[in-house]
Amino acid sequence: MAQRKRQLVSNELAEAALQLLALKGFDAVTIDEIATTAGVSKRTFFRYFASKEDVVVQFLADMGTGIHAELAARPIEERPSVALRHAVWVSIAACGDHSDRALRVVQLILRTPALYARFLERQAQWRDDLTGELARRLGLDADTDLYSQLAAGMALTAFDAVLQRWSNSDGAEDPAELTDRAFAVIAPALDAVRNGR
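Please read these numbers as outputs of a predicted model, since none were measured by experiment.

Reading the values: rules and limits
Residues numbered from 1 in each chain as written. Predicted model: local features only at pLDDT ≥ 70, side-chain atom pairs only at ≥ 80, totals over all residues. Heavy atoms only, no water. Helix = DSSP H or I, 4+ residues; strand = E, 2+ residues; numbered from the N terminus. Expected span 1.5 Å × (residues − 1). Buried < 20%, exposed > 50% of the residue type's maximum accessible area, 1.4 Å probe, protein only. Phe/Tyr/Trp six-rings, centres within 6.5 Å; stacked < 30°, edge-to-face > 60°. Axes fitted to C-alpha atoms, helices over the stretch in contact; angles between N-to-C directions. Parallel < 35°, antiparallel > 145°, perpendicular 65-115°, else oblique. Left-handed = near helix turned anticlockwise from the far one by under 90°. Contact = heavy atoms within 4.5 Å. Nonpolar A, V, L, I, M, F, W, Y, C, P; charged D, E, K, R; others polar. Bend = angle between axes of the 7 residues up to and from the residue. Polar contact = N/O pair within 3.5 Å; in protein donor to acceptor, adjacent residues only side chain to side chain. Core = buried A, V, L, I, M, F, W, Y, C linked by side-chain atoms within 4.5 Å.

A. Here's a closer look at helix 7 (residues 113-138). Taking 1.5 Å of rise per residue, the 26 residues of helix 7 would be expected to cover 38 Å, and the 37 Å separating its terminal C-alpha atoms lies within 8% of that figure. Those residues of helix 7 lying buried are Leu 115, Phe 119, Gln 123, Trp 126, Leu 130, Thr 131, Glu 133, Leu 134, Ala 135, Arg 137 and Leu 138. Positive backbone phi, approximately 70 degrees, marks Gly 139, located one or two places after helix 7.

B. Here's a closer look at the packing of aromatic side chains. Across all of its chains, the model carries five aromatic pairs by this definition. Taken together, a centroid distance of 6.0 Å and an interplanar angle of 35 degrees make the contact between Tyr 116 and Phe 119 tilted. Taken together, the residues span about one helical turn, with Tyr 116 and Phe 119 both in helix 7 at a distance of three residues. You can call Phe 119 buried: its relative accessible area is 2%.

C. Expanded view of the environment of Ala 69. Of note, Ala 69 is situated in helix 4 (residues 52-73). Linking Ala 69 and Leu 130, residues 61 residues apart in sequence, is a C-alpha distance of 9.5 Å.

D. Examining the packing of helix 1 (residues 2-24) against helix 2 (residues 31-38) more closely. Where helix 1 meets helix 2, the closest approach of the two axes is 9 Å, and the angle between their N-to-C directions is 125 degrees. What the angle tells us is that helix 1 and helix 2 run oblique. Where helix 1 crosses over helix 2, the two elements pack in a sense that is right-handed. Contacts between helix 1 and helix 2 involve Glu 12, Leu 13, Ala 16, Ala 17, Leu 20 and Lys 24 from the first element and Glu 33, Ile 34, Thr 37 and Ala 38 from the second. Each residue belonging to the contact of helix 1 with helix 2 can be placed in one class, and the counts come to six nonpolar, one polar and three charged.

E. Helix 9 (residues 175-191), seen in detail. For helix 9, which comprises 17 residues, the first-to-last C-alpha distance of 23 Å matches the rise-based estimate of 24 Å (1.5 Å per residue) to within 8%. Maximal helix bending in helix 9 amounts to about 45 degrees, located at Val 185; proline Pro 188 follows within four positions. Within helix 9, burial applies to Pro 175, Leu 178, Thr 179, Ala 182, Phe 183, Ile 186, Ala 187, Leu 190 and Asp 191. Residue Asp 174 occupies the N-cap position of helix 9, its side-chain oxygen lying 3.2 Å from the main-chain nitrogen of Ala 176.

F. Main features of the nonpolar core. Counting 59 residues, the largest nonpolar core has Leu 84, Phe 119, Trp 126, Phe 159 and Phe 183 as the members making the most contacts within it. Broken down by secondary-structure element, the contributors of at least two residues to this core are helix 1, helix 2, helix 4, helix 5 (80-97), helix 6 (99-111), helix 7, helix 8 (146-168) and helix 9. Per-element tally for this core: the top contributor is helix 8, with ten residues.

Structure representation (structure tokens):
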């Protein structure tokens, strides 16, 4: 019960912070403001997050966890391009479910140098996780086989391209269609592992 309450408070704080940051910009929002919006004390905020940046980093960590979990859950016989497109789509669809707020958060991350740096840092971890999962699925050695690392990198590059286009269009472009188009471009390379083994 205590764990559930902690999670609820953490979620409320994150939601309040992301809304304020997306609305006003990273530098314009204070921790006092976030705490007040969430209905908690500043001290409570610091029990959950070390900084404003940490709220966004947690959001990114959750995205990466979602991509990895979805890839691991895909049918083993599925072509790599299909499995990876579904895995990436989970995070993009989550953005689409709350599209106005998510678009503002994505724009905040892409347009704030400190946050974008943390995003790229997180993506390095995602790439490692996806590399290991792809190697496991295909019976490859992640340390010696280039395919897994390259495929993970291509999938995340497609993910980046979709987020950038969606952000630059101010939400006018459909993320589902962008994802399909991006993966149509890289699918032949992703699926070449079957022939190259």
